[in-house]
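Structure assessment
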Amino acid sequence: MRSATITRKTAETDISVTVDLDGSGSYDNQTGVGFFDHMLDQLARHALIDLTIRADGDLHIDDHHTVEDTGIALGQALAKALGDKKGIRRYGECTLPMDDAQVKCALDLSGRPFLIWHCEMPTQKIGTFDTELVREFFQAFSTHGGITLHVDKVHGFNSHHIAEAAFKAVARALRAAVEIDPRKADAVPSTKGTL
């Protein structure tokens, strides 16, 4: 079973994340941040990863701590569920269109976190959600998941579409990367023998 649960409790947030990498894309995400829940649902659905998140954060201040700490916990859960990464394809990529927006993602489950983010939003808000938090989430997810993650906006003028295309592109790339390669299901995909 490639699944894991991570709990993270600080003075700012109390978060539980459960992932199943061999799921069907089912989700039950409740962070208290409506737009963010919608994005997490997209991540689960398009990565075919079952995802349950509960977050209780200091939303009376703003959404920042909840979004960032959810990214931390989700990255840790992904890394734990991957274990020694034996048999995975390791790499994934996706170019995803959504109406006016097109976003490209390439990622490597290398164990070496690095984020390249060229996905600027034309507005500061999507409803009440700060658009800068999309990058904050992926920074935390990349760092704590050990993911080399490149996200590039090709074009787009609607912030909602750009953000959603980013989440879906990462999801589709992640789906490819975590899949078991039937040609090398018994080996770690690295000449070093470890990731």
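Everything that follows concerns the structure shown earlier in this document.
In short, a report on the structure. (Residues numbered from 1 in each chain as written. Predicted model: local features only at pLDDT ≥ 70, side-chain atom pairs only at ≥ 80, totals over all residues. Heavy atoms only, no water.)

Focus on the pattern of salt bridges
A complete count under the given rule lists nine salt bridges for this structure. The salt bridge partner of Asp108 is Arg90, with a shortest N-O separation of 2.6 Å. Pair noted here: Asp108 is in strand β6 (residues 101–108) and Arg90 is in the loop between α2 (64–82) and β5 (91–98), with a separation of 18 residues, a long-range link. The class of Asp108 is buried, set by a relative accessible area of 9%. A single salt-bridge network, built from bridges that share partners, covers Arg89, Arg175 and Glu179. (Salt bridge = Lys/Arg side-chain N within 4 Å of Asp/Glu carboxyl O. Helix = DSSP H or I, 4+ residues; strand = E, 2+ residues; numbered from the N terminus. Buried < 20%, exposed > 50% of the residue type's maximum accessible area, 1.4 Å probe, protein only.)

Quick word on the nonpolar core
Among the nonpolar cores identified, the biggest contains 60 residues, and Leu107, Leu109 and Phe137 are the most heavily contacted of them. The biggest single contributor to this core is helix α4 (residues 159–178), with twelve residues. In this structure Leu109 touches Leu78, Leu82, Lys85, Ile88, Arg90, Gly146, Ile147, Leu174, Ala177, Val178 and Leu195, once residues within four positions along its chain are discounted. (Core = buried A, V, L, I, M, F, W, Y, C linked by side-chain atoms within 4.5 Å. Contact = heavy atoms within 4.5 Å.)

Thoughts on α4
Taking 1.5 Å of rise per residue, 20 residues should cover 28 Å, and α4 covers 28 Å from first to last C-alpha, within 8% of that figure. Summarising burial for α4: 16 of the 20 residues are buried, a large majority. (Expected span 1.5 Å × (residues − 1).)

Quick notes on unusual backbone geometry
Of note, the phi angle at Lys85 is positive, near 70°, even though the residue is not glycine. Its location among the elements puts Lys85 in the loop between α2 and β5.

Some points on the environment of Lys184
For Lys184, the position within the fold is in the segment after α4. According to the relative accessible area criterion, Lys184 is exposed, its value standing at 51%. C-alpha of Lys184 to C-alpha of Arg89: the two residues are 95 residues apart in sequence and 8.6 Å apart in space.

Things to note about the packing of aromatic side chains
Taken as a whole and assessed by the stated rule, the structure comprises seven aromatic pairs. Their ring planes at 70° and their centres at 5.1 Å tell us that Phe137 and Phe138 sit as a pair that is edge-to-face. Classification of Phe137 as buried rests on a relative accessible area of 0%. Between Phe137 and Phe167, the aromatic rings sit 5.4 Å apart at their centres with planes inclined by 25°, giving stacked as the arrangement. Of the two residues, Phe137 is situated in helix α3 (residues 132–145) and Phe167 in helix α4; the sequence distance between them amounts to 30 residues. The pair Phe137 / Phe167 is uniform in exposure class, with both members buried. An aromatic cluster of three or more residues is present, and its members are Phe36, Trp117, Phe137, Phe138, Phe141 and Phe167. (Phe/Tyr/Trp six-rings, centres within 6.5 Å; stacked < 30°, edge-to-face > 60°.)

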